[in-house]
Each structure stands twice: as structure tokens, then as C-alpha cells.
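Breakdown of the fold
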Amino acid sequence: MSSGETLRFDAVILAGGRSTRLGGEPKANLLLGQEPLLVRALRAVSGAVRTAVAGPDSLAGMLAAADYAGILVREDPPFSGPAAAVGAALTALEQAAAGEEGQPSPWTMVLACDMPQAREAVPALLAAAELDPGCSVLAVDSGGKSQPLAALYRTEDLAAAVKARGGGLANLSMFSMLARVQWREAAVPEGSTADVDTWADAGKWGIRAGSPAAAQPAGPAAAAKD
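So, a few notes on the structure that sits alongside this text. Note that the structure is predicted; figures quoted are calculated from it, not measured.

Considerations on the pattern of salt bridges
If the charged atoms of two oppositely charged side chains come close together, the side chains can form a pair. Counted under the stated rule, the structure contains 11 salt bridges. A salt bridge links R40 to E35; the shortest N-O distance between them is 3.6 Å. This pair shows no difference in class: R40 is buried, exactly as E35 is. Each of the salt bridges in this network shares a partner with another, and the network as a whole consists of R21, K27, D114 and D197.

The following block contains the structure:
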């Protein structure tokens with residue numbers, strides 16, 4: 001059994017930002033090859049028990065084309081930041097588990113959809129949590145930057161952090177929300193947490209504008225050869 005396979009985790013994919021520096025082009029729709037970045041992110045967490053995508057209803061067509069059977073939820077109000085999106089997604093996952101007469105998975109993976117190579121970070125996060133299950137794990141790149149949107153959280157701790165704010169997550173930074181969450185860093189492969197904020201970033205990856213109608217997404221669990 002490979003490292004990380006014993007961990008049960010749910011997943012949250014963040015796909016609802018304004019994309020201001022991309023002229024409003026939704027990051028979820030950006031194409032690498034013929035695959036939208038959102039679908040790449042879903043493939044990265046294909047081992048999740050349950051998955052929630054935090055983003056607009058306009059993503060429904062793409063998700064259906066990718067055979068996505070999970071949750072699509074929106075932070076309230078829209079565009080109120082990643083902490084609010086994580087809170088909305090975590091609540092939706094809890095409700096889904098309760099509807100199945102079960103419990104949320106003990107771990108929750110959080111990934112932003114604008115990291116083209118995030119799937120390379122996932123095994124490192126799972127392995128780190130398996131070695132030391134006492135606290136959450138944030139990816140850290142070679143420059144020493146911790147990334148709370150490429151992380152594996154103890155679900156109980158993340159839920160407590162969300163509930164402690166009493167719904168006041170709008171426009172709150174992730175690190176502020178995590179102030180009482182015990183976490184440590186895990187080194188991940190170079191480039192696996194690099195994100196696409198500008199068209200210059202997109203050009204480095206050969207990423208172009210796209211739309212759900214134009215894309216031909218592979219299913220989330222499909223194997224890819226990049």
C-alpha cells in the first residue's frame with residue numbers, strides 16, 4: 001500500500017474568484033491542452049470520499065461533462081474570499097455526510113483550482129499527514145512560502161475554526177481563519193503550488209482562455225499524461 005492510501009479525506013476545490021488580473025476570465029475555465037483547470041483539480045483529488053466545488057452555478061455544465069457527481073456550492077455573499085468559500089463547502093460536506101447517515105471524513109483537502117500541477121502536491125500532503133496525524137498540513141514551496149489553499153486539514157479542527165467565526169468569514173484571510181488551527185509544513189514538488197493569476201502566468205504553462213462548451217474534459221478520475 002502506498003503512503004497516504006489509508007487516509008480518508010473529503011475535498012474542497014475553490015473555483016469562484018473574480019480573476020481580476022485575467023480580465024474577469026474565470027480561472028476554472030482556463031484550458032491546459034483540452035482540459036479545464038477545474039477538471040484537473042478534480043482529478044487531483046479523485047481519491048476523496050466526497051468533494052465540494054465552491055464556485056458559481058455557471059460551472060454546472062462543465063462539471064456535468066466531467067461526470068462530476070459531487071457538490072457545487074457558493075459562498076455568501078459571492079466573491080467574499082477563500083475563507084468564506086471553504087466555510088460554505090465544509091458546511092455542505094457535513095450536510096451531505098449527515099444525509100448519508102455518516103460522518104465527514106477525518107481529513108479535508110483544500111485546493112485552489114488555479115494550480116495546474118496541484119496533483120503533484122497531493123501525495124506529499126497525504127504522506128505527511130499519515131506520518132504525523134496530530135495536526136493539519138500546509139504545502140510549502142522551495143522558496144519557503146506556505147500555501148493554505150494546497151493543504152490537508154484535520155476536519156474537526158477546520159470545522160471548529162469555521163464555527164468559531166460565527167459566519168463572519170467574508171473577506172477574511174485564510175491565515176486569519178486558521179489562527180487557532182495547529183498546522184505544519186510539508187515540502188511539495190517544485191511548481192506544484194504555482195498558481196495562475198495573470199496572463200503572463202498562464203503563458204508559462206501554455207494555458208489559454210476557454211469555456212465549458214469548447215473544452216473536452218476528461219473525467220476527474222481519468223489518468224493523464226502531461
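From this point, the narrative continues.
Looking at the packing of aromatic side chains
Applying the stated rule across the entire model yields one aromatic pair. Their ring planes at 45 degrees and their centres at 6.0 Å tell us that F175 and W183 sit as a pair that is tilted. Take W183: its relative accessible area is 29%, and that puts it in the partly exposed class. Positioned above the aromatic ring of F79, the side-chain terminus of R74 is 4.7 Å from the ring centre.

Things to note about the sheet that holds strand β2 (residues 31-32)
Overall, antiparallel pairing links the three strands, which are arranged β3-β2-β10 in an open sheet. Each having just a single partner strand, β3 (35-36) and β10 (207-208) make up the two edges of the open sheet. Both β2 and β3 contribute to a ladder of two bridges, which runs antiparallel. For L32, the partnering residue across the bridge sits in β3 and is E35.

Overview of the nonpolar core
Counting 68 residues, the largest nonpolar core has I13, L38, V53, M109, L111, L152 and M177 as its most contacted members. Ranked by residue count, the leading element in this core is helix α3 (residues 82-99), at nine residues. By size, the runner-up hydrophobic cluster in this structure holds seven residues, among which are L22, L30, L37 and A202.

Re the packing of α3 against helix α5 (residues 155-164)
Where α3 contacts α5, the axes come no closer than 10 Å and their chain directions differ by 120 degrees. When the interaxial angle is binned, α3 and α5 end up oblique. Between α3 and α5 lies a crossing of left-handed hand. On α5, the residues that touch V86, G87, L90 and E94 of α3 are T155, L158, A159, V162 and K163.

Re unusual backbone geometry
Residues D76 and P77 are joined by a peptide bond in cis, for which omega reads 0 degrees. Here P77 shows up in the loop between β5 (71-73) and α3. For N171, which is not a glycine, the phi torsion comes out positive at approximately 60 degrees. Structurally, N171 is set in the loop between α5 and α6 (174-177). You can call N171 exposed: its relative accessible area is 64%.

Examining the sheet that holds strand β6 (residues 107-112)
Read from one edge of the open sheet, seven strands run β5-β4-β1-β6-β8-β7-β9, paired in mixed fashion. Of all strands in the sheet, those with a lone pairing partner are β5 and β9 (183-187), marking the two edges. Between one strand axis and the next, the sheet turns through 25 degrees on average, direction left out of account. Judged from the five bridges that link them, β6 and strand β8 (residues 146-154) form a sheet pairing that is antiparallel. Residue T108 lies in a different strand from β8, and its bridge partner there is Y153. The strands that helix α4 (residues 122-131) touches are β1 (9-14), β6, β7 (136-140), β8 and β9; relative to β9, the one it contacts most, it runs at about 130 degrees. Here α5 sits on the sheet in contact with β6 and β8, set at roughly 115 degrees to β8.

Here is what the cut-offs are and how they apply
Residues numbered from 1 in each chain as written. Predicted model: local features only at pLDDT ≥ 70, side-chain atom pairs only at ≥ 80, totals over all residues. Heavy atoms only, no water. Salt bridge = Lys/Arg side-chain N within 4 Å of Asp/Glu carboxyl O. Buried < 20%, exposed > 50% of the residue type's maximum accessible area, 1.4 Å probe, protein only. Phe/Tyr/Trp six-rings, centres within 6.5 Å; stacked < 30°, edge-to-face > 60°. Lys NZ or Arg CZ within 6 Å of the ring centre and 35° of its normal. Pairing = 2+ DSSP bridges. Helix = DSSP H or I, 4+ residues; strand = E, 2+ residues; numbered from the N terminus. Core = buried A, V, L, I, M, F, W, Y, C linked by side-chain atoms within 4.5 Å. Axes fitted to C-alpha atoms, helices over the stretch in contact; angles between N-to-C directions. Parallel < 35°, antiparallel > 145°, perpendicular 65-115°, else oblique. Left-handed = near helix turned anticlockwise from the far one by under 90°. Contact = heavy atoms within 4.5 Å.

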